[in-house]
Amino acid sequence: RVVMRAARAAVSVNGRSYAWPRRPVVVICCDGSDPAYTHAARAHMPYLSRMLQNGTEHVVDGAMPSFTNPNNMSIITGAPPSVHGICGNYLIDPASGKPTMMNSPAWLRAPTILAAFQAAGARVLVVTAKDKLRQLLGKGLAFDGSAMCFSTERLAQATLHDNGIDGSALAHLQPASVYSSELSEAVFARGVSLLTSHRPDFTYLSTTDYVQHKYAPEEDGAVEFYRMIDGYLGQLLAMDVTVVFTADHGMNKKHTPDGQPDVLYLQDALDSKFGAGTTQVILPITDPYVVHHGALGSYAAVYCKGAAPASVTAYVRGLTGVDSALLADEACQTYSLPRDRTADVIVMSGGPDSTKVLGTSRANHDLSGLDRPLRSHGGLSERRVPLFLNARLRPGAAAGITHSWDAFHAACNCVE
């Protein structure tokens, strides 16, 4: 049984004050967990049902774009991308002018809630599936015996110096593929185990969305995945901890009725209209793991290199399947993006059935790894996510829980 230490002074992070909670907090970011998944699997999730009988259930907005990096960083900083600076998985570096991944902690501009509480005396545990998130999630943590931060993708390579845990003792275990549900199951297995042995005050568990990219909510592969999660929820509920279950983004089918990807190749369209070399399309969904989505998402950044941004915006708005095309200033104001890291034009797709995705040029996308009809995310239609707590809220507190980045606020400031 995990017991929280005596109450301490509130901690201020990024303009919000967080009360020291009365019991340990566990925040779960279930990657790609559109509300439809827990709805479809509810009959197979008795512990989630029990959790919500005495708790609270919300559907909230995530950060835009609806991708992994921006939303995980929003959750652990309690702030939108305009504050923490992570506006995608991939961008053109304003300093070098070259496309680059946003996986380095150097990109993160804001302190995390976890680091702030550790500095105030808390013990912290972070377990993520993908190693690409590990350094971002762990920024500011001191691995002095009071914090652990590691990925299940590379657990065997974890060290006390860099991760707060020695993974060499687990080197004999067969590592799970990043393209498997087992990688996420390992997040729960390691997290629940260390909750007992490490006794953290704050735990953050972040999975991968391999299952959601592969299976629709009602398919057996998805239902079995959520049945597995429910088993670990049962173990967490037995520990007397405050559990918050949320997601970084939703997920939708992105294919035509015959199962083919429903793609607007935006670079090809812009080259045809304005001429090659006058624009550059970047897809911020791009990360080291693209086999299951082919780098196709519903959000694109257009850098103008000769074409007038206003003309590009007007043209793109008329393309089939485009939900929104905004100039940079309006996009930043509307979606709380960092202006200096935002392209000239921001495009989001979906269409009436939320199926349209954006590509660069047809020749640049290898879709040979898609063994099932495409499912993906990135746009407005994948912004809504669940936020569940195993505790009731104080009267009036629900009004302050509108985004996934309110997860720690809900656990620290809002429960009865």
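Everything numeric in this text was worked out from a predicted model, so none of it was measured.

A.B. asks: Summarise the packing of helix 2 (residues 46–53) against helix 10 (residues 220–237); cite the residues concerned and give the values.
C.D. replies: Running from amino to carboxyl end, helix 2 crosses helix 10 at an angle of 45°, the nearest separation of the two axes being 7 Å. Considering the angle they form, helix 2 stands oblique to helix 10. Residues Pro 46, Tyr 47, Leu 48 and Met 51 of helix 2 form the contact with helix 10, whose participating residues are Asp 230, Leu 233, Gly 234 and Leu 237. Looking at the contact of helix 2 with helix 10, its residues break down into six nonpolar, one polar and one charged.

A.B. asks: Describe in detail the environment of Glu 218, supporting the description with residues and values.
C.D. replies: Its place among the elements puts Glu 218 in the loop between helix 9 (210–214) and helix 10. Judged by its relative accessible area of 57%, Glu 218 is exposed. In this structure the C-alpha to C-alpha distance between Glu 218 and Tyr 37, which are 181 residues apart in sequence, comes to 7.4 Å. In contact with Glu 218, not counting residues within four places along its chain, are Ala 40 and Val 223.

A.B. asks: An account of the sheet that holds strand 16 (residues 345–349) is requested, with residue identities and associated values reported.
C.D. replies: If you trace the four strands from one edge of the open sheet to the other, you get 13-14-16-15, paired in antiparallel fashion. The strands lining the two open edges of the sheet, one partner per strand, are strand 13 (279–282) and strand 15 (322–327). Taking each pair of neighbouring strands and ignoring which way they run, the sheet shows an average axis angle of 20°. With four bridges connecting them, strand 13 and strand 14 (residues 299–304) associate as antiparallel partners. Of the residues in strand 14, the one forming a bridge with Val 281 is Val 302. Across the sheet, helix 13 (residues 328–335) is in contact with strand 15 and strand 16; its angle to strand 15 comes to roughly 110°.

Calculation criteria
- Residues numbered from 1 in each chain as written.
- Predicted model: local features only at pLDDT ≥ 70, side-chain atom pairs only at ≥ 80, totals over all residues.
- Heavy atoms only, no water.
- Axes fitted to C-alpha atoms, helices over the stretch in contact; angles between N-to-C directions.
- Helix = DSSP H or I, 4+ residues; strand = E, 2+ residues; numbered from the N terminus.
- Parallel < 35°, antiparallel > 145°, perpendicular 65-115°, else oblique.
- Contact = heavy atoms within 4.5 Å.
- Nonpolar A, V, L, I, M, F, W, Y, C, P; charged D, E, K, R; others polar.
- Buried < 20%, exposed > 50% of the residue type's maximum accessible area, 1.4 Å probe, protein only.
- Pairing = 2+ DSSP bridges.

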